[in-house]
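Each chain, letter by letter, is given below.
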Protein chains: 2
Amino acid sequence: MLYIGVDLGGTNIAAGLVDEEGHILHKCSVPTGVERGAEAVIADMAALCQRIIDETGNKASDIKAIGVGVPGICHPSNGVVEFCTNLFWHQVPLREIMNRTLDIPVYIGNDATVAGLAESVAGVSKGVANSVFLTLGTGVGGGIVVDHKVYSGTHGIGSELGHMVIVADGEPCTCGNHGCWERYTSATAMIRMGREAAAKYPDSAILTACGGNLDKLTAKMVMDAAKAGDSAGVEVFKKYVHYLAVGIVSIINILDPEVIAIGGGVSAAGEFLRDAVRAEVDTMIFCKEVPYARIEIAVLGNDAGIIGAAMLGK
Amino acid sequence: MLYIGVDLGGTNIAAGLVDEEGHILHKCSVPTGVERGAEAVIADMAALCQRIIDETGNKASDIKAIGVGVPGICHPSNGVVEFCTNLFWHQVPLREIMNRTLDIPVYIGNDATVAGLAESVAGVSKGVANSVFLTLGTGVGGGIVVDHKVYSGTHGIGSELGHMVIVADGEPCTCGNHGCWERYTSATAMIRMGREAAAKYPDSAILTACGGNLDKLTAKMVMDAAKAGDSAGVEVFKKYVHYLAVGIVSIINILDPEVIAIGGGVSAAGEFLRDAVRAEVDTMIFCKEVPYARIEIAVLGNDAGIIGAAMLGK
């Protein structure tokens, strides 16, 4: 059977035809045009799915299911997007609107959740029953796969790993709480820590990398400074890895998955990040005599959104 | 069908005959005698199961399965107890030893995990697919039920909710890490905070309750002082409830269960504790517009160990 996966982003909608094994056979995209409102965006998503069916010489009946990865909170059972900050959506019946023009079953899921499913079907967690996916970007997202299936909880609000509290009464978070993991381990957090370190070390490579303008600082610049052995860069990197490991150890103690896959922009640091995180987790693990999760860098990159969304209907 | 559940504790071994619905039909117990070593203790467990079969006029073939709840880390698939601090056990093949004398399938699980299963079969989480159980005692244990089944992870080290880190680099924990939830929310933690508060408020009801000897302070004395409106008691209770809520919010953001059941010694405070925790969780919840887990006091008390162990084989 064939599937269509739709990756709904704030800038573009990407969609692809995907086979049973999670291979993308054909893909295309259109701008999201958020300002037009949910109905128009969803109509475009349906049209994009129809275009994929037409361009690949298929019929609607060849497609077992369409899956949509949404950057927000979804209710998987009724196909309603509860809310989605970046798109200004609130209680949008996505499935119902898509089914007005397309007679194909529609499934929805959070974008980080579907990326985790993609890694478990066709990526670094392939073949593994229980895995966790982290996306380290502007925020920190999470995906939980239990027994080869997406786990997003009873009300669709689970696997928000970025909002696990690691510092009670710590940094204020956009969610209204304090001390959430993403305040310490997102790319945004690395930039914040980079700025603090640059102020402390005025001759730091961090300051050079952004041309002296800390408003232009990126997480990659901080990571590159760490790789080059710059004192400020190394200090930030160690702190970042420590906080990342603190949360990963909690995930191990709660979920004990077989694989923890790290994706998102920060994961571009690859083995440099992975090896440091593995070493730090090792120092904090509870059951030192029992094997625990392999920590890996995710491999599917941007395609994970399309593949995972498609696999929701499998 | 009938089941036998065995609750292996540091002081006593309790066992019971249990029906499909989780009702205990007959129970008995013997002292554990930890100092005799694992083989002797397990032989006594097997003899206790045989005694239950005989006393109730059954045959071994009437018993579908025996389940054992163990105060340690278990590997459910091979029936080996990985380790168990209080019993000084290390890699004990419990299933194999029991099966030397009893020809009945044997299942094992962590004691907090089986108590959670008991609450989900016959207690406060009855009929609910996804639930989490917390036991607030000397330490903090956890049980996770996903889709009506125990979830203890890939290597049997999951659901150790007491070792979720809520204060990075906080109080040192017996597990070797820092800032684990149980350092702030166990009965032990409440006693520690009670002692600190008593030192600050020399006329506190806490000091009166323990007759001026803080070595005799119990969590119940602190809780009773809070209930009576004593300043020191109220201060400790508020702090305790805050830390408990911080971890519960993380559990909601990760696992989004339908029910979170609070058991263990501290839960004897009942509605006084439950209502305070509910109010504090409310202030920290991420998705305020979406329903989230009901927070309840567990109802099965000490019987949860027998019932849940029995239900492992269902």
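Residues numbered from 1 in each chain as written. Chains lettered and ligands numbered in written order. Predicted model: local features only at pLDDT ≥ 70, side-chain atom pairs only at ≥ 80, totals over all residues. Heavy atoms only, no water.

1. Side note on the environment of Gly72(B)
Inspection of the secondary structure assignment puts Gly72(B) in the loop between β4 (63-70) and β5 (73-75). Residues contacting Gly72(B), with those up to four places away along its chain left out, are Phe83(B), Cys84(B) and Asn110(B). (Helix = DSSP H or I, 4+ residues; strand = E, 2+ residues; numbered from the N terminus. Contact = heavy atoms within 4.5 Å.)

2. Notes on the relation of the copies chain B and chain A
Mapping chain B onto chain A is achieved by rotating through 180 degrees and translating by 0.0 Å along the same axis, at an RMSD of 0.0 Å. Classification of the inter-copy transformation places it as that of a two-fold axis. Same-surface contact between copies: 100% of interface residues of chain B are shared with the interface of chain A. (Least-squares fit on C-alpha atoms with pLDDT ≥ 70 in both.)

3. Examining the packing of aromatic side chains
Residues and elements named next belong to chain B. Within this structure, the stated rule accounts for four aromatic pairs over all chains. With a centroid separation of 4.8 Å and an interplanar angle of 50 degrees, the aromatic rings of Tyr184 and Tyr243 are classed as tilted. With Tyr184 in helix α4 (residues 182-185) and Tyr243 in helix α8 (residues 231-255), this residue pair connects regions lying 59 residues apart in the sequence. Across this residue pair, the class does not change: Tyr184 and Tyr243 are buried. (Phe/Tyr/Trp six-rings, centres within 6.5 Å; stacked < 30°, edge-to-face > 60°. Buried < 20%, exposed > 50% of the residue type's maximum accessible area, 1.4 Å probe, protein only.)

4. Topic: the sheet that holds strand β2 (residues 12-19) of chain B
All names here are of chain B. In space, the five strands of this open sheet follow the order β3-β2-β1-β4-β8, with mixed pairing throughout. Two strands close off the open sheet at either side, each with one partner strand: β3 (24-31) and β8 (106-110). Neighbouring strand axes in the sheet, compared pairwise and without regard to direction, differ in orientation by 20 degrees on average. Inspection of the sheet shows β2 paired to β3 by seven bridges, in the antiparallel sense. Considered in β3, the bridge of Ile13 is made with Val30. The sheet contacts of helix α3 (residues 111-122) involve β4 and β8, and relative to β8 the element is tilted by about 105 degrees. (Pairing = 2+ DSSP bridges. Axes fitted to C-alpha atoms, helices over the stretch in contact; angles between N-to-C directions.)

5. Let's talk about the interface of chain B and chain A
Listed by partner, the interface residues are 49 residues for chain B and 49 residues for chain A. Summed over both sides, the interface between chain B and chain A buries roughly 4,300 Å², with carbon and sulfur atoms accounting for 60% of that surface. Together, Ile157(B), Ile254(B) and Phe286(B) form the three largest contributors to the area buried by chain B at its contact with chain A, with a combined 16%. At the boundary of chain B and chain A, one finds zero salt bridges. Linking chain B to chain A there are 32 residue pairs in polar contact (both at pLDDT 80 or more). With nine residues, α8(B) is the largest single contributor of residues to the side of chain B that touches chain A. (Buried area = accessible area lost by both parts, 1.4 Å probe. Salt bridge = Lys/Arg side-chain N within 4 Å of Asp/Glu carboxyl O. Polar contact = N/O pair within 3.5 Å; in protein donor to acceptor, adjacent residues only side chain to side chain.)

6. Some details on the confidence of the model for chain A
This prediction gives chain A a mean pLDDT of 96; 100% of its residues lie at or above 70. Overall fold confidence (pTM) sits at 0.95, and the ipTM for the predicted complex is 0.95. (pLDDT = per-residue confidence, 0-100.)

7. Quick word on the state of the cysteines
One pass over the structure, following the stated rule, counts zero disulfides over all chains. Lacking any disulfide linkage, Cys84(A) is separated from the closest cysteine sulfur, that of Cys74(A), by 7.5 Å. Sulfur of Cys287(B): no disulfide; nearest cysteine sulfur belongs to Cys175(A) and is 8.7 Å away. (Disulfide = S-S within 2.5 Å.)

8. Structural notes on the sheet that holds strand β13 (residues 294-297) of chain B
Residues and elements named next belong to chain B. Pairing within the open sheet is mixed, and its five strands lie in the order β11-β10-β9-β12-β13. A strand with exactly one partner marks an edge of an open sheet, and here the two such strands are β11 (149-150) and β13. Note that strand β9 (residues 131-136) and strand β10 (residues 140-146) share six bridges and pair antiparallel. Residue pairing for β10: Phe133 is matched across the bridge by Gly143.

9. Concerning helix α1 (residues 38-55) of chain B
Residues and elements named next belong to chain B. An ideal rise of 1.5 Å per residue puts 26 Å on 18 residues; α1 measures up with 25 Å between its terminal C-alpha atoms. Three or more residues of α1 are buried, namely Ala38, Val41, Ile42, Met45, Ala46, Leu48, Cys49, Ile52 and Ile53. All buried residues of α1 lie within an arc of 150 degrees about the axis, which places them on one face of the element. Looking at the buried side of α1, the elements it contacts are β1 (2-8), β2, β3, β4, β7 (89-92) and α2 (94-99). Within two residues after α1, Gly57 carries a phi angle of roughly 70 degrees, on the positive side. (Expected span 1.5 Å × (residues − 1). Arc of directions from axis to C-beta.)

10. Digging into the side chain of His75(A)
Turning to its location among the elements, His75(A) is positioned in strand β5 (residues 73-75). In this view, His75(A) contacts Val80(A), Glu82(A), Ile108(A), Thr154(A) and His155(A); residues no more than four positions away in its chain are not counted.

11. A short note on the pairing of β2(B)
All names here are of chain B. Most of β2 is tucked away, with six of its eight residues classed as buried. As defined by bridge partners, β1 adjoins β2 across seven bridges and the pair is classed as antiparallel. Residue Ile4 lies in a different strand from β2, and its bridge partner there is Leu17. Hairpin connection of β1 to β2: three residues between the antiparallel strands. Joining the antiparallel neighbours β2 and β3 is a turn of four residues, in which Gly22 adopts a positive phi near 85 degrees.

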